[in-house]
Structure formats: C-alpha cells, structure tokens
Amino acid sequence: EMKNLRMKRNDLEKYVYLMELLNRNETLFYRLVVDNIKECMPLVYTPTVGEACQKYSHIWSKPRGIYVSIKDKGNVEQILRNWHT
C-alpha cells in the first residue's frame, strides 16, 4: 500500500487515498499509518487535513457516520431506516 501511496502526485491525493483505504480496510489503514508514522502523520493530520477541509467540496468521500439532532426526536427510527439508501 505504501507503494501506491507514494505514487500519488501530491499530499492531498495521498490524503484522499488514505481515507479511501480507511473506508475499505480500517485495520490495514491503521497498520500502514503506525508502521510509517513519520511519512503518514503529515498526511492524516496537519497540514494536509487543513487543505482537505478547505477543498472539502471537491473531494468526494463515503459517509462514515450519521448525525442525529435533538430536533429529530420522534423521527430517529425513520432516519436510521433511510440512512444508507
């Protein structure tokens, strides 16, 4: 996986690649980061995450969670039923 990561053109592409790996195989993602901490940390933390936040609307990613507000009281079951549709 590090070979594939190193082939990316810039840090933002590497960040996107790592987030895709996280979605695909969380165990492998953490193993890769832990085993290559010096190289990966700047990609999954500052400064790359800051750039990813600034360009968030240009980066598609699969949702990793759900937000349910207090205003959703009474509708939580429906929200959860529709979440992955």
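The preceding data block contains the structure.
Now for a look at the structure at hand. (Residues numbered from 1 in each chain as written. Predicted model: local features only at pLDDT ≥ 70, side-chain atom pairs only at ≥ 80, totals over all residues. Heavy atoms only, no water.)

**Quick word on the overall build of the protein**
Counting secondary structure elements, the protein contains six helices and zero strands. Starting at the N terminus, the α and β elements of the protein follow one another as α-α-α-α-α-α. By the compact-globule yardstick of 12 Å for 85 residues, the protein is too spread out, its C-alpha radius of gyration being 16 Å. Oriented by its inertia axes, the alpha-carbon framework of the protein measures out at about 50 × 25 × 20 Å. The buried share of the protein, reckoned over its 85 residues, is 22%. Sequence separation of at least 24 residues holds for 49% of the intrachain contacts in the protein that already meet a minimum separation of 6. For the protein, the exposed area adds up to about 6,800 Å²; of that, 54% sits on carbon and sulfur atoms. (Helix = DSSP H or I, 4+ residues; strand = E, 2+ residues; numbered from the N terminus. Rg over C-alpha atoms; globule rule 2.2 N^0.38 Å. Buried < 20%, exposed > 50% of the residue type's maximum accessible area, 1.4 Å probe, protein only. Contact = heavy atoms within 4.5 Å. Areas by Shrake-Rupley, 256 points an atom, 1.4 Å probe, with all protein chains shown as cover.)

**Examining the packing of aromatic side chains**
Overall, the coordinates contain one aromatic pair when judged by the stated rule. Residues Phe29 and Tyr30 carry aromatic rings whose centres are separated by 4.9 Å and whose planes lie at 80° to one another, so their mutual orientation is edge-to-face. (Phe/Tyr/Trp six-rings, centres within 6.5 Å; stacked < 30°, edge-to-face > 60°.)

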